[in-house]
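Structural description and commentary
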Amino acid sequence: MKKIHFDRPVRIRFGNPGKTRLVHTVWEAAKCLANDKWPDRAGPMCEMAANALRGAVQGRVTAEEARQAFAEAALEAQILVEPDLPRGRHHRQATPSSS
């Protein structure tokens, strides 16, 4: 796979508990998705990310689009580290206010 770099890495919790990993390239992202340690390989965002990463290698998708899809898959799998949340994609549930 060609080494296509993201403009900025995606930080995920991956591997040993409490450890984070910076994913810098399309190839690294694809390896993470294919790894047995990926928490939700059956999730729809995981499949979309895999397609986007393949598309980046084939020149059909930009590196930024592939990065965004990978970050969404990491968010779906609950391993995306907070500072790297994609713009406009904060999926936290609101805390109920006490009245």
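As a reminder, the structure under discussion sits directly above these lines.
**Considerations on the environment of Asp40**
You can see Asp40 is positioned in the loop between α1 (26–34) and α2 (44–57). Here Asp40 falls in the partly exposed class, since its relative accessible area comes to 28%. The residues contacting Asp40, other than those within four sequence positions of it, are Cys46, Glu76 and Ala77.

**Quick notes on the pairing of strand β2 (residues 20–25)**
Both strand β1 (residues 5–13) and β2 contribute to a ladder of five bridges, which runs antiparallel. Considered in β2, the bridge of Arg11 is made with Leu22.

**Brief notes about the nonpolar core**
Of all hydrophobic cores here, the largest spans 26 residues; its most connected members are Ile12, Leu33, Trp38 and Phe70. Mapped onto this core, the elements with two or more residues apiece are β1, α1, α2 and α3 (63–76). Ranked by residues supplied to this core, first place goes to α3 with seven residues. In contact with Ile12, not counting residues within four places along its chain, are Lys19, Thr20, Arg21, Val23, Cys32, Trp38, Phe70, Ala74, Ile79, Leu80 and Val81.

Rules of the game
Residue numbers restart at each chain and count upward from 1, following the sequence in its written direction. The model is predicted, so local features are restricted to residues of pLDDT at least 70 and side-chain atom pairs to those at 80 or more, both for listing and for counting; the totals for chains, interfaces and linings are taken over all residues. For side-chain calculations, the full set of non-hydrogen atoms in the structure is used, while hydrogens and water are omitted. By the criteria applied, helices consist of DSSP H or I runs no shorter than four residues and strands consist of E runs no shorter than two, each listed in order from the N terminus. Accessible area is worked out with a 1.4 Å probe on protein chains only. A residue is then buried under 20% of its type maximum, exposed over 50%, and partly exposed in between. The contact rule is simple, with two residues in contact once any of their heavy atoms fall within 4.5 Å. When DSSP locates at least two bridges between a pair of strands, those strands are taken to pair. The criterion is simple. A nonpolar core is a set of buried Ala, Val, Leu, Ile, Met, Phe, Trp, Tyr and Cys residues joined through side-chain atoms within 4.5 Å.

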